[in-house]
Amino acid sequence: MRTVSYDRFGEPADVLQTREVDAPSPAAGEVLLRLVLSPIHHHDLWTIRGTYGVRPELPAQPGSEAVAVVEQLGEGVDTVAAGDRVAVTGVPCTWAELFTAPAGALIPLPAELPDEAAAQLVAMPFSALSLLEHLDLAPGEVLVQNAATGAVGRLVAQFARGRDQRVISLVRRSSGIEELAAQGIGDVVATDQEDWEQQARALIGDAHVAAGLDSVGGEAAGQVASLLGEGGRLVVFGAMGGTTMALPSGPIIFRDLKVEGFWGAKVSARMSPEMRRGLITEIITRLLTGEVTLPTAGTFALDEVVGAVSAMLTDGRQGKVLLRP
């Protein structure tokens, strides 16, 4: 079978290659899955660079989420059947024609959910929804976020709207306002405009900004922090623009602001099975009703992985880049 792999950490375009290897066999409690589509996430690229919270042994096969079809059952598996279409996340090696996964990690899919949505069903939507659960905003409280044109930013805004929670979204470019409006997302401010802060405060009005979500780092983190109200929480989700945050000391001291991290993998591991199932059900339901959308920005074959990574890193990209066999 064909798989993407790397034998040293570095920039994905420099270290990734597609090669032929022996197909794996499912162990007891596992299934063998045949890839349909797998997304490229930023955490996949960080893992390849060796800068993520989990550092795999080398050589390694990348990928962490997919929609796939059950090819073969391992010993003791009776919860799925060969031919079932499933989603899976949190497993390695999904950028391959065939890969194994624990049977308990599989999510059965309704026939009406398209492959393009099923491929990115869990990692980003689940993180966005888990984040809203984690913040537990009170009625009337506001969340401010940057990186609003990114996958998580779009999803936070869409899920919050469905839950009657208010989000003010910051984007780097004025064109991002129109991009988000096309998805029905409002209350957006472009920070390339000189009066962006006044615009944001006009949208906030008398509401209390209880939380801010930073997925960029650098100066952008300070922009979010500047809008937080008394006792507000700056939640760090990512660092797309830099690994160091530039935060103003004054607001942190005089408004008693708190800075905390949010790693979806840890939050998910602590979550009860009942809550996890409830959130997955909410995600699927909102996707099927069209309240939440998961756009794509292109599909590439496994042997086109370098081009796929380049597309993923293109500024202004709208939607996930997907890999197919």
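Residues numbered from 1 in each chain as written. Predicted model: local features only at pLDDT ≥ 70, side-chain atom pairs only at ≥ 80, totals over all residues. Heavy atoms only, no water.

Asker: Please set out the overall build of the chain residue by residue, giving values where relevant.
Answerer: A count of helical and extended segments in the chain gives 12 helices and 15 strands. Relative to the compact-globule value of 20 Å for 325 residues, the chain shows a C-alpha radius of gyration of 20 Å, a close match. Sorting the 325 residues of the chain into buried and exposed places 49% on the buried side. Relative to all contacts within the chain whose residues are 6 or more apart in sequence, the contacts with residues 24 or more apart total 68%. Here the chain has roughly 14,200 Å² of accessible surface; of this, 51% comes from carbon and sulfur atoms. If the 25 positive side-chain charges of the chain are averaged to one point and the 40 negative ones to another, these points end up 2 Å apart. (Helix = DSSP H or I, 4+ residues; strand = E, 2+ residues; numbered from the N terminus. Rg over C-alpha atoms; globule rule 2.2 N^0.38 Å. Buried < 20%, exposed > 50% of the residue type's maximum accessible area, 1.4 Å probe, protein only. Contact = heavy atoms within 4.5 Å. Areas by Shrake-Rupley, 256 points an atom, 1.4 Å probe, with all protein chains shown as cover. Lys, Arg positive; Asp, Glu negative; His and termini not counted. Charge placed at Lys NZ, Arg CZ, Asp CG, Glu CD.)

Asker: Can you break down the nonpolar core residue by residue, with the values?
Answerer: Counting residues in hydrophobic clusters, the biggest one holds 42 residues, and the most contacted among them are Leu 121, Leu 143, Val 156, Phe 159 and Ile 283. Elements with a contribution of two residues or more to this core: α3 (115–118), α4 (123–135), α5 (151–162), β11 (208–214) and α11 (273–289). With eight residues, α4 is the largest single contributor of residues to this core. In this structure Ile 283 touches Leu 121, Pro 125, Phe 126, Leu 129 and Phe 159, once residues within four positions along its chain are discounted. In terms of nonpolar packing, the next biggest core, distinct from the first, is built from 32 residues, Val 31, Ile 48, Val 305 and Ala 308 among them. (Core = buried A, V, L, I, M, F, W, Y, C linked by side-chain atoms within 4.5 Å.)

Asker: Go over the pattern of salt bridges, please, and point to the residues and values.
Answerer: Throughout the structure, instances matching the rule amount to 16 salt bridges. Between Glu 11 and Arg 49 there is a salt bridge, with its nearest N and O atoms 3.0 Å apart. Of the two residues, Glu 11 is situated in the loop between β1 (2–5) and α1 (12–15) and Arg 49 in helix α2 (residues 42–49); the sequence distance between them amounts to 38 residues. Overall, the relative accessible area of 40% leaves Glu 11 in the partly exposed class. A salt bridge links Glu 71 to Arg 34; the nearest nitrogen and oxygen atoms lie 3.1 Å apart. Separated by 37 residues along the polypeptide, Glu 71 in strand β4 (residues 65–73) and Arg 34 in strand β3 (residues 30–39) bring together distant segments of the chain. Glu 71 sits in the partly exposed class, given a relative accessible area of 37%. Linked through salt bridges whose partners overlap, the residues forming this network are Glu 133, Arg 163, Glu 282, Arg 286 and Glu 291. (Salt bridge = Lys/Arg side-chain N within 4 Å of Asp/Glu carboxyl O.)

Asker: Tell me about the sheet that holds strand β8 (residues 141–145), and please be specific about residues and values.
Answerer: Taken in spatial order, the six strands make up an open sheet running β10-β9-β8-β11-β12-β13, and their pairing is parallel. The open sheet has two edge strands with one neighbour each: β10 (188–190) and β13 (258–261). Pairs of neighbouring strands in the sheet enclose a mean axial angle of 20°, with direction left out of account. One ladder, built from three bridges, connects strand β9 (residues 166–171) with β10; its direction is parallel. Residue pairing for β10: Ser 169 is matched across the bridge by Val 188. Sheet strands touched by helix α7 (residues 196–204): β8, β9, β10 and β11. Its angle to β10, the strand with the most contacts, is close to 170°. Where helix α8 (residues 218–226) meets the sheet, its contacts fall on β8, β9, β11 and β12 (233–236), and the angle it forms with β11 comes to roughly 170°. (Pairing = 2+ DSSP bridges. Axes fitted to C-alpha atoms, helices over the stretch in contact; angles between N-to-C directions.)

Asker: Account for the pairing of β8, naming residues and giving values.
Answerer: Among the five residues of β8, four are classified as buried, and the element is accordingly described as predominantly covered. Relative to β11, β8 runs parallel, the two sharing five bridges. Note that in β11 the partner of Glu 141 across the bridge is His 208. Two elements, β8 and β9, share four bridges in a ladder whose sense is parallel. When the bridges of β9 are listed, Val 142 appears paired with Arg 166.

Asker: Describe the layout of surface pockets, naming the residues involved and giving the relevant values.
Answerer: Unoccupied space between atoms shows up once a probe the size of one water molecule is rolled over them. What the second largest pocket holds in volume is close to 240 Å³. Lining of the second largest pocket is provided by Gly 104, Ala 105, Leu 106, Ile 107, Pro 108, Pro 273, Arg 276, Arg 277, Ile 280 and Thr 281. Those elements giving two or more residues to the lining of the second largest pocket turn out to be β7 (107–108) and α11. Sort the elements by how many residues they give to the lining of the second largest pocket and α11 lands first, with five residues. Partitioning the lining of the second largest pocket into residue classes produces six nonpolar, two polar and two charged. (1 Å grid on protein atoms, 1.4 Å probe; cavity = no way out; pocket = protein on both sides within 12 Å on 5 of 7 lines; lining within 4 Å. Points joined across faces, edges and corners; volume = space filled by probe spheres on them. Nonpolar A, V, L, I, M, F, W, Y, C, P; charged D, E, K, R; others polar.)

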